[in-house]
Amino acid sequence: MIYRGMSVGRHAYTSFLFSHMVAQAAVCTKDVAAVRQTAEMYKDWAQSNKDMDSYVFFDIDGDSFPECIATNGSWYHVLTCCIGKTTGKYFSVINDGVPFYNPGKNVFCIYDEDTTINFTEHAFYAINDKGLVEIGHSRRWGSTYSTATQNDTTKAIYDDYNSSFGQLVEISLEYEDTYRSIHEACNAYLAQ
């Protein structure tokens, strides 16, 4: 599913796998040895974080080294390797935060929506040598819109701001779209 700054349903995963494979193939050629080395670093992390039971790899920043999303179905970690160490930022999905990324453009987004109170929020991140760093955010509550640079703005400015981060692809953390080990996630990533 491609997201372009409009409201999305949290269970809309219809074309996710195909669009992810096409996007990943277009972005980079994989260095198998480097990807496996990265996977070993994630495996070391996973051994000390046994509460996670599912994994999936994505190259969020387009550097040919995949990031790992580790989940237990209630919350998740997004991990990236920076200068020989595994770093990450914890995100809670208890409030339906859905991960998105812009393949090869170094944009990661957590999208949160609560239709019962007419609320949406985007938190945008990029990867640098310190890990995941927030680069923007926006929020809609009822008919009030805000961005990182403007409070109480118009819907058009809000939509333009969200669109400025490019086409975002939803990352499914559904059980059937993730793998039970780092090794399986690595092999699936390399097979794409």
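Rules used throughout
- Residues numbered from 1 in each chain as written.
- Predicted model: local features only at pLDDT ≥ 70, side-chain atom pairs only at ≥ 80, totals over all residues.
- Heavy atoms only, no water.
- Salt bridge = Lys/Arg side-chain N within 4 Å of Asp/Glu carboxyl O.
- Helix = DSSP H or I, 4+ residues; strand = E, 2+ residues; numbered from the N terminus.
- Buried < 20%, exposed > 50% of the residue type's maximum accessible area, 1.4 Å probe, protein only.
- Phe/Tyr/Trp six-rings, centres within 6.5 Å; stacked < 30°, edge-to-face > 60°.
- Disulfide = S-S within 2.5 Å.
- Contact = heavy atoms within 4.5 Å.
- Polar contact = N/O pair within 3.5 Å; in protein donor to acceptor, adjacent residues only side chain to side chain.

Engineer: What exactly am I supposed to notice about the pattern of salt bridges here?
Structural biologist: Any two side chains of opposite charge can pair, on the condition that their charged atoms come close. Taken as a whole and judged by the stated rule, the model has 2 salt bridges. Between Arg139 and Glu121 there is a salt bridge, with its nearest N and O atoms 2.3 Å apart. Of the two residues, Arg139 sits in strand 9 (residues 131-141) while Glu121 sits in strand 8 (residues 119-128), which places them 18 residues apart along the sequence. Looking at Glu121, the relative accessible area reads 21%, which means it is partly exposed. Here Lys155 ties to Asp159 by a salt bridge, and the two come within 2.6 Å at their closest N and O atoms. Placement of the pair is Lys155 and Asp159 together in helix 3 (residues 155-163), with a separation of 4 residues, close to one helical turn.

Engineer: What is the right way to look at the packing of aromatic side chains in this model?
Structural biologist: Any two aromatic rings considered together are summarised by their centre-to-centre distance and by the angle between their planes. Counted under the stated rule, the structure contains 9 aromatic pairs. Seen in terms of ring centroids, Tyr42 and Phe57 are 5.6 Å apart; in terms of plane orientation they differ by 75°. Their pairing is edge-to-face. Of this pair, Tyr42 sits in helix 2 (residues 32-47) while Phe57 sits in strand 2 (residues 54-58); the two residues are 15 residues apart in sequence, bridging distant segments of the chain. Judged by relative accessible area, which is 0%, Tyr42 ranks as buried. Ring geometry for Phe119 and Trp141: centres 4.8 Å apart, planes at 70°, overall edge-to-face. Taken as a pair, Phe119 in strand 8 and Trp141 in strand 9 lie far apart in primary sequence, 22 residues in all.

Engineer: It is not clear to me how the state of the cysteines should be interpreted in this structure. Could you clarify?
Structural biologist: What makes a disulfide is a covalent bond joining the sulfur atoms belonging to two cysteines. Scanning all chains against the criterion turns up 0 disulfides. Looking at Cys186, it has no disulfide partner, and the nearest cysteine sulfur is the one in Cys68, 9.9 Å off.

Engineer: Would you mind going over the environment of Tyr55 with me for this structure?
Structural biologist: The residue Tyr55 is located in strand 2 in this model. Once residues within four sequence positions are removed from consideration, Tyr55 is found in contact with Ala46, Cys68, Ile69, Ala70, Thr178, Tyr179, Arg180, Ser181, Ile182 and Ala185. A distance of 3.2 Å separates a polar side-chain atom of Tyr55 from the backbone oxygen of Met52.

Engineer: Can you help me understand unusual backbone geometry in this one?
Structural biologist: Phi is positive for Asn106, which is not a glycine, with a value near 60°. Tracing the backbone through its elements, the reader meets Asn106 in the loop between strand 6 (98-102) and strand 7 (107-114). Positive phi is not limited to glycine here, since Asp152 has a value of about 50°. By the element assignment, Asp152 lies in the loop between strand 10 (144-147) and helix 3. When its relative accessible area of 61% is taken as the criterion, Asp152 is described as exposed.

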